[in-house]
Amino acid sequence: MSGFFYFHPMILYNVTAAVDDSIHEDWLEWMKNIHIPKVLASERFTAYKFYKILLNHEEGTSYSIQYFAESMAELQLYEALHAEALRKEHSDKFGDKVATFRTLLEEV
C-alpha cells in the first residue's frame, strides 16, 4: 500500500516533582546522575526528557521528567520490576522535600 504506514503510539510516563529550595541543587544533580540513569537501565523506556516547569504556582521549583515506552506492557514491566525500589530510594533520600505525582499519556 503506497502512502500507508502503521502508527505505533508511544506511552509517555510523566513524573512531576515539586522540589523544596533547601535541597534543589542536590536533588537536580542526583536525578541527572543517579536516578534517571537507573530508570533507563531498566530497559523499559526508549528515551526521556527532563524539563523545568516555568509556570509554577507552588513554592520551590517544579520539574517534569518524561519517560517514553513502546507499549503499556513495557510500562507494566517497569512498574512490576523496578518502580517500587526506585521510588523508595528517592523517598529515603529526600523525604517530604519533594512532592511527586505521575500521569500516563498515550500518543494519538
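**Student:** Lay out the overall build of the protein chain with the relevant residues and their values.
**Tutor:** The secondary structure content of the protein chain amounts to two helices and four strands. Secondary structure elements of the protein chain, listed N to C terminal, follow the sequence β-α-β-β-α-β. With respect to the three principal axes, the spread of C-alpha positions in the protein chain is 60 × 30 × 20 Å. A burial count over the protein chain gives 33% of its 108 residues as buried. Sequence separation of 24 or more characterises 73% of the internal contacts of the protein chain that already satisfy a separation of 6 or more. Accessible surface, the protein chain: about 7,300 Å² in total, of which carbon and sulfur atoms supply 55%. Charge separation in the protein chain, taken as the distance between the mean sites of 10 positive and 17 negative side-chain charges, equals 3 Å.

**Student:** Account for the sheet that holds strand 3 (residues 61–69), naming residues and giving values.
**Tutor:** Judged by pairing direction, the sheet is antiparallel, and its four strands sit side by side in the order 2-3-1-4 without closing on themselves. Whereas interior strands pair on both sides, the edge strands pair on one side only; in this sheet they are strand 2 (47–52) and strand 4 (98–106). Direction aside, neighbouring strands of the sheet carry axes that sit 15° apart on average. Sheet analysis places strand 1 (residues 11–19) next to strand 3, joined by nine bridges and oriented antiparallel.

**Student:** Summarise helix 1 (residues 24–41); cite the residues concerned and give the values.
**Tutor:** Each turn of an α-helix holds 3.6 residues, which means side chains three or four residues apart point in the same direction. With 18 residues, helix 1 should cover 26 Å at 1.5 Å per step; its first-to-last C-alpha distance of 24 Å lies within 8% of that length. By the burial criterion, the buried members of helix 1 are His 24, Trp 27, Leu 28, Trp 30, Met 31, His 35, Ile 36 and Val 39. Elements in contact with the buried residues of helix 1: strand 1, strand 2, strand 3, helix 2 (72–94) and strand 4. Phi for Glu 43, located one or two positions after helix 1, is positive at around 60°.

**Student:** Break down the side chain of Thr 16 for me, citing the residues and quoting the values.
**Tutor:** Structurally, Thr 16 is set in strand 1. Excluding residues that lie within four positions of it along the chain, Thr 16 makes contacts with Ile 53, Tyr 63, Ala 99, Thr 100 and Phe 101.

**Student:** Describe the nonpolar core, with residues and values.
**Tutor:** One finds Trp 27, Phe 45, Tyr 67 and Tyr 78 to be the most contacted residues of the largest nonpolar core, which totals 23 residues. Elements supplying a minimum of two residues to this core: strand 1, helix 1, strand 3 and helix 2. Here the element with the most residues in this core is helix 1; it accounts for six residues. If we skip the residues at most four places from it in the chain, Tyr 78 touches Tyr 13, Val 39, Ser 42, Arg 44, Phe 45, Ala 83 and Leu 86.

Calculation criteria
- Residues numbered from 1 in each chain as written.
- Predicted model: local features only at pLDDT ≥ 70, side-chain atom pairs only at ≥ 80, totals over all residues.
- Heavy atoms only, no water.
- Helix = DSSP H or I, 4+ residues; strand = E, 2+ residues; numbered from the N terminus.
- Buried < 20%, exposed > 50% of the residue type's maximum accessible area, 1.4 Å probe, protein only.
- Contact = heavy atoms within 4.5 Å.
- Areas by Shrake-Rupley, 256 points an atom, 1.4 Å probe, with all protein chains shown as cover.
- Lys, Arg positive; Asp, Glu negative; His and termini not counted.
- Charge placed at Lys NZ, Arg CZ, Asp CG, Glu CD.
- Pairing = 2+ DSSP bridges.
- Axes fitted to C-alpha atoms, helices over the stretch in contact; angles between N-to-C directions.
- Expected span 1.5 Å × (residues − 1).
- Core = buried A, V, L, I, M, F, W, Y, C linked by side-chain atoms within 4.5 Å.

Everything listed here is a matter of coordinates, which is why it stays silent on function.
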